[in-house]
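Observations on the three-dimensional arrangement
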Amino acid sequence: MSSKQVIRRDFIKIGGASTLALTLGSLGDTSNLFSEKVHADRKEEKVLKFHLDGSFKVVQFNDTQDNEHIDRRTIELMEKVLDAEKPDFVVLNGDVITGGCDSELEMKQAMNNVAGPMEKRGIKWAVTFGNHDEDSTPKSGVNESKMLAFYQSYKHNVNDKGAKHITGTGNMNLLVWDTKGKKPAFNFWLMDSGRYAPKEIAGQNFEGYPTWDWVRFDQVSWYNETSQKIENRFGFKVPSLMFIHIPLWEHRYMWYSSVDGRTEADHARAKNKHQITGERNEDECPGPINSGLFSAMQHRGDVKGVFCGHDHINTYAGNYYGIMLGYGGSAGFGAYGLSGEEKNRLRGARVFNLDLNHKNVLKETHMVFAKDYGIDLSPNDQSMDPLPLPGEKQPAMQ
């Protein structure tokens, strides 16, 4: 998320709750490490479909945010959530990895650690990018485009190259088809919210303003135009969820039901008005400019919820003028968390239950937490060696 987090294993790391439901009305030569061909059955792998009973489940993991020596509990959390929830689709919503990788090989290992749980279980998954994913790029030379190509090499990944000629990497939409596979019944928007604001615009710097990036206007235009094309093609607005890493300004407004008010009375009003559940333990960190994405979504009327990460210790969600806004929390035990002994209390994931029998299809969403699975929450470092890369032999048992 922010500069609060420093590289693990090189520096000293910076040192709810029950489920909250919100119901809606081969090591060798590495010269070709990132030139893998995309899986041959890409088009087939991209078909997501509702079950015969009309259900479809999504899990959002945010801010796993580690290097190749990932904290073992991050993998444990992912695996236990996947085994308990058995989702049809998983989104790794930005800051999948961070700094500390000194080579292409280490970058590949860091990404492979997090891809493994879904691949092992044959669960379809996709990624968005956050502000930390390129932290190791200066040393490794691996940028987001190369990362995306690597993710695409996995059999069960459903990312594509993304929209051309607009800001960001991997901006895309992904349709979920009805039980008979005849027409789309839902849609996912995966957007790149960028990294950091430029040093200056029109000769003015951003001193005093948030320093993160924002979804740019060309991305908003792409969403608007693509949404309209989908409606024109199928004859109706396809309900959808949008995943972005960095929150919108509207996330910030919703908690207090105010632009400037920051009192308990403001939040009490907001909690009732916007049906807010979950925790807010740090200020929201959007970029300095509001690009109008929320306004565009209201205009189109297809997006039913926008979910982010970035702010690791926020887990709340609410209904902001007809569109759900919420956080996925942080799944990464190697990233910053709460202070002191409570550091890892909110490590978790967000679950979405979709149902064709529900008016908005998005029936409900809730957080699940590491503590729900008996995972060790000690505020210490439990880094492990990288998991075997695809095609590598498993390490011998000790």
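Residues numbered from 1 in each chain as written. Predicted model: local features only at pLDDT ≥ 70, side-chain atom pairs only at ≥ 80, totals over all residues. Heavy atoms only, no water.

An unreviewed UniProt entry lists the protein chain under the name Metallophosphoesterase family protein, with Fictibacillus norfolkensis as the source organism.

1. What about the overall build of the protein chain?
When helices and strands are counted, the protein chain shows nine helices and 15 strands. Considering the protein chain as a whole, with its 398 residues, one finds that 59% of them fall into the buried category. For the protein chain, the exposed area adds up to about 16,700 Å²; of that, 50% sits on carbon and sulfur atoms. (Helix = DSSP H or I, 4+ residues; strand = E, 2+ residues; numbered from the N terminus. Buried < 20%, exposed > 50% of the residue type's maximum accessible area, 1.4 Å probe, protein only. Areas by Shrake-Rupley, 256 points an atom, 1.4 Å probe, with all protein chains shown as cover.)

2. Section: the packing of aromatic side chains
Applying the stated rule across the entire model yields 22 aromatic pairs. Note on Phe150 and Tyr154: the rings are 5.3 Å apart at their centroids and 80° apart in plane angle, and the pair reads as edge-to-face. Of the two residues examined, Phe150 and Tyr154, each falls in the buried class. By the ring-pair criterion, three or more aromatic residues cluster together here, those being Phe50, Phe56, Phe89, Phe186, Phe188, Phe243, Phe307 and Phe352. (Phe/Tyr/Trp six-rings, centres within 6.5 Å; stacked < 30°, edge-to-face > 60°.)

3. Some thoughts on the pattern of salt bridges
Across all of its chains, the model carries 20 salt bridges by this definition. Here Glu231 and Arg300 are joined by a salt bridge, their closest N and O atoms 2.7 Å apart. Within this pair, whereas Glu231 is found in helix α6 (residues 217-234), its partner Arg300 is found in helix α9 (residues 293-300), the two being separated by 69 residues in sequence. Within this structure, Glu79, Asp83, Lys120 and Arg121 form a network of salt bridges that share partners. (Salt bridge = Lys/Arg side-chain N within 4 Å of Asp/Glu carboxyl O.)

4. Description of the sheet that holds strand β11 (residues 303-308)
Read from one edge to the other, the open sheet built from seven strands follows the order β2-β6-β7-β10-β11-β13-β12, with strand pairing classed as mixed. Each having just a single partner strand, β2 (48-49) and β12 (317-320) make up the two edges of the open sheet. Helix-sheet contacts for α9 involve β10 (240-243), β11, β12 and β13 (323-327), and the interaxial angle to β13 is about 140°. (Pairing = 2+ DSSP bridges. Contact = heavy atoms within 4.5 Å. Axes fitted to C-alpha atoms, helices over the stretch in contact; angles between N-to-C directions.)

5. Some remarks on the packing of helix α7 (residues 249-256) against helix α8 (residues 264-273)
In a pair of packed helices, the angle between the axes and the distance between the axes together describe the arrangement. Relative to each other, α7 and α8 sit at 105°, their axes nearing to 5 Å. Put simply, α7 runs roughly perpendicular to α8. The residues of α8 that touch α7, namely those facing Met254, Trp255 and Tyr256, are Asp266, His267, Arg269 and Ala270. Partitioning the contact of α7 with α8 into residue classes produces four nonpolar, one polar and two charged. (Parallel < 35°, antiparallel > 145°, perpendicular 65-115°, else oblique. Nonpolar A, V, L, I, M, F, W, Y, C, P; charged D, E, K, R; others polar.)

6. Structural notes on the pairing of strand β15 (residues 362-369)
Among the eight residues of β15, seven are classified as buried, and the element is accordingly described as predominantly covered. Note that strand β14 (residues 348-355) and β15 share seven bridges and pair antiparallel. The partner of Gly348 across the bridge, within β15, is Phe369. What sits between β14 and β15 in their antiparallel hairpin is a turn of six residues, with Val361 showing a positive phi close to 70°.

7. What about the side chain of Asn314?
As for its placement among the helices and strands, Asn314 is situated in the loop between β11 and β12. Asn314 sits in the buried class, given a relative accessible area of 0%. One polar contact links the side chain of Asn314 to the main-chain amide nitrogen of Asn281, over a distance of 2.8 Å. Of the polar contacts made by the side chain of Asn314, one reaches the backbone oxygen of Glu282; its length is 3.1 Å. Not counting residues within four places of it along the chain, the set of residues in contact with Asn314 comprises Glu279, Arg280, Asn281, Glu282, Glu284, Tyr327 and Gly329. (Polar contact = N/O pair within 3.5 Å; in protein donor to acceptor, adjacent residues only side chain to side chain.)

8. Structural notes on the packing of helix α3 (residues 104-121) against helix α5 (residues 144-152)
Taken N-terminus to C-terminus, the directions of α3 and α5 make an angle of 50°; their axes are 11 Å apart at the nearest point. Taken together, α3 and α5 sit at an angle that is classed as oblique. Note on packing geometry: the crossing formed by α3 with α5 is right-handed. Where α3 approaches α5, its residues Met107, Lys108, Met111 and Asn112 are matched on the opposing element by Met147, Phe150 and Tyr151. For the contact of α3 with α5, the class distribution of residues is five nonpolar, one polar and one charged. (Left-handed = near helix turned anticlockwise from the far one by under 90°.)

9. As for α7
Since the α-helix advances by 3.6 residues per turn, residues separated by three or four positions end up pointing in the same direction. Where burial is concerned, most of α7 is hidden: eight out of the eight residues are buried. Those residues of α7 that fall on the buried side of the exposure criterion are Trp249, Glu250, His251, Arg252, Tyr253, Met254, Trp255 and Tyr256. The positive-phi residue at the C-terminal boundary of α7 is Ser257, with phi of around 50°.

10. Comments concerning unusual backbone geometry
Positive phi values are uncommon outside glycine, yet Asp95 reaches one of about 50°. Take Asp95: it is sitting in the loop between β4 (89-93) and α3. Residue His310 is not a glycine yet carries a positive backbone phi of 75°. Tracing the chain through its elements places His310 in the loop between β11 and β12. Look at His310 and you get buried, because its relative accessible area is 0%.

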